Amino acid sequence: MQKYNELTYINKSSIALGYFDGLHLGHKVVLKNAINVAKENSTQSTVIIFKEHPLNFLSNEKISQILTLEEKLEILEKLGIDNVIMLDFNEFSTTSAKDYLENILIKYFSPIAISTGFNHCFGFNKEGNSKFLKDNKEKFNYKYFEVPPFVMDESIVSCSVIRNMIQLGNFTQANKLLGYNYFINGTIIEGEKIARKLGFPSANIIYPENKIQIPHGVYYVRVNVQNKEYNGILNHGYAPTLNNETKLKTEVHILDFNKNIYNENIKISFITKIRNQLKFENKEKLIAQINRDIAFAQIYQHFLKGHYHLDTSKFSNKKYLL
């Protein structure tokens, strides 16, 4: 896959337009359509995206991402996209839809087809939309594909819905809509080794600042380290039992793993939330709870492999017994 940080001439492209945060199931339909049209016409698929969320420039609010730009590019490459054009939104924020279509899309890409989601907008004041692209397809000799809403469980799959689910720690539903497990990447840093003293050595990372912040709690995760995947228990928050209530920590105890991996890059995929963060009376009760958390993860993975449904609501507090 070729990556470009500026407009580049790519003749007769099959274009996909969108910001594509999350690259959820609905996004993938748009992208797969662009790829299929390119293959059918022996040409290349091209995705045009902005490096940062447009709302970061249009409002004072910083928009947290489901995917970083680097993560998005990695998934786009796996999907089979040929080219990605990454633009700076501030350079085009006042460009009209007419100018964007004629002087950017047509001029640089001479598209044989343009694919978008049903609600995609572009150009100053969102003048460009599905109707605009339909109305101009004969004039500029391209086919236009408007992908309808992707519906699952009677709800439209959207970034806003997925963001809300992640912010609530509902990874079971969020992952279903994404089509993959929500994940973070990080480099392992040296921690205070408190978990090790309790008998549960952990890998510490800094939770990415520009990604959606998750609730404090304990999670069952999958950890990819040194090109191998393991089960893990991740704690995100503070350590109230150990009187550490000021320093936010993200640490993962990797099951069946005992290696020195400081400075290694790891990928942590969230499967489900086990419980909220709790303060225990003493270290012994904390250790007992961690053992129950590990047992939960071991049982849950068997349910996943067997495609059974496990109701996690009953395990949402410290009273559950395994």
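Up top is the structure.
The structure displayed is predicted, hence computed values, not measured ones. (Residues numbered from 1 in each chain as written. Predicted model: local features only at pLDDT ≥ 70, side-chain atom pairs only at ≥ 80, totals over all residues. Heavy atoms only, no water.)

Across a regular strand the side chains alternate sides, sitting on one face of the sheet and then on the other. Taken across its twelve residues, strand E14 (residues 265-276) has nine buried, putting it largely inside the fold. Inspection of the sheet shows strand E11 (residues 217-225) paired to E14 by nine bridges, in the antiparallel sense. Its bridge partner being in E14, Val-223 is matched across the sheet by Ile-268. (Buried < 20%, exposed > 50% of the residue type's maximum accessible area, 1.4 Å probe, protein only. Helix = DSSP H or I, 4+ residues; strand = E, 2+ residues; numbered from the N terminus. Pairing = 2+ DSSP bridges.)

Moving on to the sheet that holds strand E6 (residues 143-147). Taken in spatial order, the six strands make up an open sheet running E1-E4-E3-E2-E5-E6, and their pairing is parallel. A single partner strand is all that each edge strand has here, and the edge strands are strand E1 (2-4) and E6. For this sheet the average axis-to-axis angle between neighbouring strands, irrespective of direction, equals 20°. As judged from the five bridges shared by strand E5 (residues 113-117) and E6, these two strands associate in the parallel manner. Paired with Gly-117 across the bridge in E6 is Val-147. Strand contacts of helix H1 (residues 25-40): strand E2 (14-17), strand E3 (45-50), E5 and E6, with the helix running at about 170° to E2, the strand carrying the most contacts. (Axes fitted to C-alpha atoms, helices over the stretch in contact; angles between N-to-C directions. Contact = heavy atoms within 4.5 Å.)

As a further point, take helix H7 (residues 159-167). Those residues of H7 that sit buried are Cys-159, Ile-162, Arg-163, Met-165 and Ile-166. The buried residues of H7 occupy an angular sector of 160° when projected down its axis, which confines them to one face. Close packing links the buried residues of H7 with H1 and helix H8 (171-178). Just past H7, the residue Gly-169 takes up positive phi, approximately 80°. (Arc of directions from axis to C-beta.)

Together, Leu-55, Phe-57 and Leu-58 make up a nonpolar patch on the protein surface, roughly 290 Å² of accessible area in all. If you trace the backbone, Leu-58 turns up in helix H2 (residues 55-58). (Patch = residues over 30% accessible without salt bridge, like charges linked within 9 Å, V, L, I, M, F, W, Y side chains within 5 Å. Areas by Shrake-Rupley, 256 points an atom, 1.4 Å probe, with all protein chains shown as cover. Salt bridge = Lys/Arg side-chain N within 4 Å of Asp/Glu carboxyl O.)

Let us now look at the pattern of salt bridges. Inspection of every chain in the model, using the stated rule, returns twelve salt bridges. Close ionic contact of Lys-51 with Asp-88 constitutes a salt bridge, the shortest N to O distance being 3.7 Å. In this pair, Lys-51 sits in the loop between E3 and H2 while Asp-88 sits in the loop between strand E4 (83-87) and helix H4 (97-109), placing the two residues 37 residues apart along the sequence. Lys-78 is the partner of Glu-74 in a salt bridge, and the nearest nitrogen-oxygen pair spans 3.5 Å. Here Lys-78 and Glu-74 lie together in helix H3 (residues 69-79), a separation of four residues that amounts to about one turn. Note on Glu-74: relative accessible area 42%, which makes it partly exposed. Connected via shared salt-bridge partners are Lys-98, Glu-102 and Lys-139.

Before going further, it helps to spend a moment on the nonpolar core. Of all hydrophobic cores here, the largest spans 52 residues; its most connected members are Leu-31, Ile-66, Ile-166, Tyr-182, Val-252, Ile-268 and Phe-270. Broken down by element, this core gets its largest block of residues, five residues, from H1. If you look at the next biggest cluster of nonpolar residues, it comprises 23 residues, including Ile-85, Ile-106, Ile-114 and Tyr-142. (Core = buried A, V, L, I, M, F, W, Y, C linked by side-chain atoms within 4.5 Å.)

Distances and angles like these do not, on their own, reveal function.
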